[in-house]
Amino acid sequence: MGDKNFQYILEMKNVGMRFGNVEALRNINFSVGKNEVVGLLGDNGAGKSTMVKIMTGVLHPTCGELYIRGQKVTAKDYNVKKAHKYGIETVYQDKSLGEKQTLWRNFFIGRQITNRFGFINIKKEKEIANNIIMDMIGFRGVGIGVDSKVSKLSGGERQGIAIGRAMHFDADLIILDEPTVALSVKEVRKVLQFVDKIRISGRSCVYISHNIGHVYDIADRFVIIDRGMVVANFSKKEMTLEKLDEFLLRYASKKRGDELEI
Amino acid sequence: MIKTEKKGLLAIEGFPVMLVFIVIILAFMKTAPNAFLRPTIYMSFLTYNAPTLVLAAGLTLIITAGEIDLSFPSVIAFCGMVFAYLYHITGMVFLPFLAALATGAFIGYMNGLILTKIGIPSIMTTLGTNFFWTGLTILISGGVSLNVNPIKGSFLHTLLVGRIGDLFPAQAIWSIGLTIFIWYLLNRHAFGESIMFIGDNVNVARVMGVNVDSTKIKVFTLMGLMGGFAACLLTFEMTNFWTNQGSGFLLPVMAAVFIGGTSISGGEGRVIGTLFGMFIVGSLETGVTASGIGGFWTRLTTGLIMLGSIALNIVLDRTNGKRVCFFENLRNSVFTKGLKKE
């Protein structure tokens, strides 16, 4: 896995992103340390998803630099496949799994175990998928198997599968993009348990959410972004949930005040 | 332990369609025993439906990818013309055959390029290119057909459309073989898996590192190539090219794919279903006529059977929890949904 003497798994320096006239991100400095869970907070449209897409290679930033394990990555040869190679996996809110496909296909899409001619080694893939489902995620006795279709799974189970997939591929950094949106309280708890498994296994995690309650318990550090800029960055020790809540509220009202003055 | 959700016969791909096909054949054996209890009708059936089957197998991949191709009738016409004209100019058989295949692949490649790079939905792209290539065929040929009778007896002619033991048509082996190959491609190859995920949810495919555009272009190129091959099978069998030789293919091919249980919404393809779907479509025409019900009934029956088998597919495909129960599925199906309270 390359050089071991790095401070951050992933670091963004002065990253900016423009879509035509819209400046989605401005001067973003963001980093994730080893075995650290970072909560990335922000309102809808603050630029969280754009940041995720840059980290995972779906989008290329218009300016700024990206470092992975202390090494600079040029935008040109960074894409989803490269991100996977660097050990960065993403779990999206709704676009992680193919609904009509079986679980074993979902585990290996984009990086199948194939022979020389590109034919899939189904037996091996199913075996590994079975291990992930049973041991890594712990879906024992719930009637979920490698041949189950994703459409049969509950929202929490889906996120579990996606997280299990990320852990299997030896990801050092797992990015969770709003994994608990549209889930019931019980399902949210399940997802948070999966996140705990990420931490215990020694991996790092970026947890994106606009719900502080979910993030607070599991994150070590919080980064708050608003309108494309980082507005706060502090560790859990510096702040209690009440204080954080207050801070966000104050921030929101100040913002509204600003707008009124104009 | 690896669990499968579908048990028994339902786990076989395309089982409902096989069932419908067997029922139809048995019915025809009863109503027209003179025709359906002799091998001749099956041989002629396999002969004349080979191009349809090749096209239907290719179209299954396209529909699985969530796209549609309406341009293959023009491929049949244009590639047939390419072969016939080049044969007349050069006197060779093999090179014009390769040229026809390449032309088909090129037409498919252009379709793929237009719909991915410009972003026109495939239904409009291929409708447009269908008109274009059909028009070009008429323009170049002047609407005149061209006889290629002397290719009979050439090696390639025997290889593609000869009769094994003076009875069994070689094109049946080619078309069924190709269909089996397509099944492997879709179900066992990384390329096929990409197709399924693209048809299922293009965003998932993209974030999981599937190259969506290049996969789509490849699928359409393959479809064009298979269209070129189907055109050659047709032209070789008929030893003749005529300008509207592709016109009868569009609806039977689509019907075969949909009867086979491939969903229009993409993400799932049933190549074996398509094979039997094609058998059903092909046998209805012959069977209804041979049964003496009268040719006027063919279309009507085809329509009923098509709707019936699609409905059967949907009903049988529902899996509730771990066990699949036919009557339970029937009760929960769309047809009875309005009858019970939520």
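Notes on the overall build of chain B
The secondary structure content of chain B amounts to 15 helices and four strands. Within chain B, the proportion of its 342 residues that are buried is 54%. Intrachain contacts of chain B at a sequence separation of at least 6 include 74% that bridge at least 24 residues. Carbon and sulfur atoms make up 70% of the accessible area of chain B, which amounts to about 15300 Å² in all.

Description of the packing of aromatic side chains
Inspection of every chain in the model, using the stated rule, returns 20 aromatic pairs over all chains. Ring centres of Phe 83 of chain B and Tyr 87 of chain B lie 6.2 Å apart, and the angle between their planes is 10°; this geometry places the pair in the stacked category. Taken together, the positions of Phe 83 of chain B and Tyr 87 of chain B, both in helix 4 (residues 72-90) and four residues apart, correspond to about one turn of that helix. An aromatic cluster is defined as three or more aromatic residues linked by ring pairs; in this entry it consists of Phe 83, Tyr 87, Phe 94, Phe 97, Trp 174, Phe 229 and Phe 236 of chain B. When the ring centre of Tyr 67 of chain A is taken as origin, the NZ or CZ atom of Lys 13 of chain A, which lies over that ring, is 4.7 Å away.

Description of the layout of surface pockets
Residue and element names in this part refer to chain B. There is about 750 Å³ of room inside the second largest pocket. Lining the second largest pocket we find 30 residues, and of these Gly 248, Pro 252, Val 281, Glu 285 and Arg 299 sit closest to its centre. The set of elements that each furnish at least two residues to the lining of the second largest pocket consists of helix 3 (39-64), helix 11 (212-238), helix 12 (250-259), helix 13 (271-290) and helix 14 (297-317). Of the residues in the lining of the second largest pocket, the class split is 16 nonpolar, 12 polar and two charged.

Some points on the environment of Phe 19 of chain A
Residues and elements named next belong to chain A. Relative to the helices and strands, Phe 19 is located in strand 1 (residues 8-19). Look at Phe 19 and you get partly exposed, because its relative accessible area is 39%. Expressed as a C-alpha distance, the spacing of Phe 19 and Pro 179, which sit 160 residues apart in the sequence, is 25 Å. Those residues in contact with Phe 19 that sit more than four places away from it in its chain are Ala 24, Thr 50 and Leu 59.

Here's the deal with the nonpolar core
Within soluble globular proteins, side chains that are nonpolar generally end up buried alongside one another. Within the largest apolar cluster, 87 residues are counted, with the highest numbers of intra-cluster contacts made by Leu 59, Phe 236 and Ile 280 of chain B. Examining the composition of this core, we find that 13 residues originate from one element, helix 3 of chain B, more than from any other. Core analysis: the second largest hydrophobic core is formed by 50 residues, Leu 41, Ile 122, Ile 161 and Ile 224 of chain A among them.

Here we look at the packing of helix 3 of chain B against helix 13 of chain B
All names here are of chain B. Closest axis-to-axis distance for the helix 3/helix 13 pair is 9 Å, and the angle between their directions is 140°. Classified by the angle between their axes, helix 3 and helix 13 sit oblique to one another. Handedness of the helix 3/helix 13 crossing: right-handed. Packed against helix 3, whose contacting residues are Ile 41, Phe 45, Leu 46, Asn 49, Thr 52, Leu 53, Ala 56, Ala 57 and Thr 60, the element helix 13 presents Val 271, Thr 274, Leu 275, Met 278, Phe 279, Gly 282, Ser 283 and Thr 286 at the interface. Taken together, the residues that form the contact of helix 3 with helix 13 break down as 10 nonpolar, seven polar and no charged.

Some remarks on helix 8 (residues 170-188) of chain B
Compared with the 27 Å implied by 1.5 Å per residue over 19 residues, the 26 Å span of helix 8 of chain B between its first and last C-alpha is a close match. Residues of helix 8 of chain B that are buried include every one of Ala 170, Gln 171, Ala 172, Ser 175, Thr 179, Ile 182, Trp 183, Leu 185, Leu 186 and Asn 187 of chain B, and no others.

So, the side chain of Ser 148 of chain A
Relative to the assigned elements, Ser 148 of chain A resides in the loop between helix 4 (122-136) and helix 5 (155-168). For Ser 148 of chain A, the side chain forms a polar contact with the main-chain nitrogen of Gly 145 of chain A, separated by 2.9 Å.

Considerations on the pairing of strand 3 (residues 37-41) of chain A
Residues and elements named next belong to chain A. Across the five residues of strand 3, five count as buried, placing the element largely inside the fold. Here strand 3 shows a buried face lined by Val 37, Gly 39 and Leu 41 and a second buried face lined by Val 38 and Leu 40. Bridging between strand 3 and strand 8 (residues 204-209) involves five bridges; their strand directions are parallel. Each residue of the ladder has a partner; that of Val 38, found in strand 8, is Val 206. Examined bridge by bridge, strand 3 and strand 9 (residues 221-226) share four bridges and lie parallel to one another. Residue Leu 41 lies in a different strand from strand 9, and its bridge partner there is Ile 224.

Focus on empty space enclosed by the protein
Within this structure, the stated rule accounts for four cavities of 30 Å³ or more. Forming the boundary of the largest cavity are Thr 56, Val 58, Val 80, Ala 83, His 84, Ile 88, Glu 89, Thr 90 and Tyr 92 of chain A together with Val 207 and Met 208 of chain B. Broken down by secondary-structure element, the contributors of at least two residues to the lining of the largest cavity are helix 2 (80-85) and strand 6 (88-91) of chain A. Its residues assigned to classes, the lining of the largest cavity comprises seven nonpolar, three polar and one charged.

Let's talk about the confidence of the model for chain B
Residues and elements named next belong to chain B. Scored by pLDDT, chain B comes out at a mean of 85, with 89% of its residues at no less than 70. Within the model, the stretch residues 320-324 combines pLDDT values under 50 with 13 contacts to residues more than four positions away or in other chains. Counting contacts from residues 333-342, a segment whose pLDDT is below 50, to residues more than four positions away or on other chains yields 10 contacts. Two numbers describe this predicted complex: its pTM, 0.84, and its ipTM, 0.78.

Thresholds, definitions, all that
- Position numbers for residues count from 1 along each chain, tracking the sequence in the order it is written.
- By the order in which they are written, chains take letters starting at A while ligands take numbers starting at 1.
- Note on the predicted model: pLDDT of at least 70 is required for a residue's local features to be given, and 80 or more for side-chain atom pairs to be given and counted; whole-chain, interface and lining totals, by contrast, use all residues.
- Only hydrogens and water are set aside; all other atoms, that is, all heavy atoms of the structure, feed into the side-chain values.
- To qualify as a helix, a DSSP run of H or I must reach at least 4 residues; to qualify as a strand, a run of E must reach at least 2; elements of each kind are numbered from the N terminus.
- Burial classes: relative accessible area under 20% of the type maximum marks a residue as buried, over 50% as exposed, and values in between as partly exposed (1.4 Å probe, protein chains only).
- By definition in these notes, contact holds between two residues if any of their heavy atoms fall within 4.5 Å.
- Accessible areas in this description were obtained via Shrake-Rupley with a 1.4 Å probe; residue shielding takes into account the shown protein chains only.
- Note on aromatic contacts: the rings of Phe and Tyr and the six-membered ring of Trp form a pair at centre separations within 6.5 Å, being stacked when their planes are under 30 degrees apart, edge-to-face when over 60 apart, and tilted otherwise.
- Cation placement over rings: the criterion is NZ of Lys or CZ of Arg within 6 Å of the ring centroid and within 35° of the ring normal.
- Think of a 1 Å grid over just the protein atoms. A cavity is a set of points where a 1.4 Å probe fits yet cannot get out, a pocket is an open set with protein on both sides within 12 Å along at least five of seven lines, and lining residues have an atom within 4 Å of a point.
- Grid points are joined across faces, edges and corners, and a volume is the space filled by probe spheres set on the points.
- Just so you know the grouping, Ala, Val, Leu, Ile, Met, Phe, Trp, Tyr, Cys and Pro go in nonpolar, Asp, Glu, Lys and Arg go in charged, and all remaining residues, Gly too, go in polar.
- Nine residue types can take part in a nonpolar core, namely buried Ala, Val, Leu, Ile, Met, Phe, Trp, Tyr and Cys, and a core is a set of them joined through side-chain atoms within 4.5 Å.
- Orientation is described by lines fitted to C-alpha atoms, with helices fitted over the stretch in contact, and by angles between N-to-C directions that extend from 0 to 180 degrees.
- Each angle is binned into one of four classes, with values under 35 degrees roughly parallel, values over 145 roughly antiparallel, values of 65 to 115 roughly perpendicular, and all other values oblique.
- In this scheme the crossing of two helices becomes right-handed for a clockwise turn of the near helix relative to the far one and left-handed for an anticlockwise turn of less than a right angle.
- Any helix carries an expected span of 1.5 Å times its number of residues minus one.
- In protein, a polar contact means a hydrogen-donor-capable atom and an acceptor-capable atom, both N or O and within 3.5 Å, with residues adjacent in sequence counting only if both atoms are side-chain atoms; elsewhere, any N or O pair within 3.5 Å suffices.
- Think of it this way: DSSP has to see at least two bridges between two strands before they count as a pair.
- Each residue carries a pLDDT score, the predictor's own confidence in it, on a scale running from 0 to 100.

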